[in-house]
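Structural features, examined
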Amino acid sequence: MIDDYERALSRLLHYCRSEAWLGYDPYDALNSPLAKSFPFQYRFPRIALTQTVKRSPFNLRPVLGINKQLN
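1. Re the side chain of Asp28
Its place among the elements puts Asp28 in the loop between strand 1 (22-23) and helix 2 (33-37). Residue classification places Asp28 among the buried positions, given a relative accessible area of 4%.

Shown next as structure tokens:
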């Protein structure tokens, strides 16, 4: 069982290094250039966009122009 954990951790470390420690954040929808062009001054549209991106079964970030950032 310890070998399984070591293998999983090794794979995770390899993945993180191969991605240069870059990744998406669950709440990064408002970093989209598209989102910044709309006047989201009200709370509800901002929450709706964030939750849509976060809960979507598809990764909408590339379509919205959201890049991976340093984690």
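Next, the rest of the story.
2. A closer look at helix 1 (residues 2-18)
Here helix 1 is 17 residues long and its end C-alpha atoms lie 24 Å apart, about the 24 Å a rise of 1.5 Å per residue gives. Note on helix 1: the residue one or two positions beyond its end, Ala20, has a positive phi of about 55 degrees.

3. What about helix 3 (residues 43-55)?
Here helix 3 spans 18 Å end to end across 13 residues, near enough to the 18 Å set by a 1.5 Å rise per residue. Contacts from the buried residues of helix 3 go to helix 2 and helix 4 (61-64).

Analysis parameters
Residues numbered from 1 in each chain as written. Predicted model: local features only at pLDDT ≥ 70, side-chain atom pairs only at ≥ 80, totals over all residues. Heavy atoms only, no water. Helix = DSSP H or I, 4+ residues; strand = E, 2+ residues; numbered from the N terminus. Buried < 20%, exposed > 50% of the residue type's maximum accessible area, 1.4 Å probe, protein only. Expected span 1.5 Å × (residues − 1). Contact = heavy atoms within 4.5 Å.

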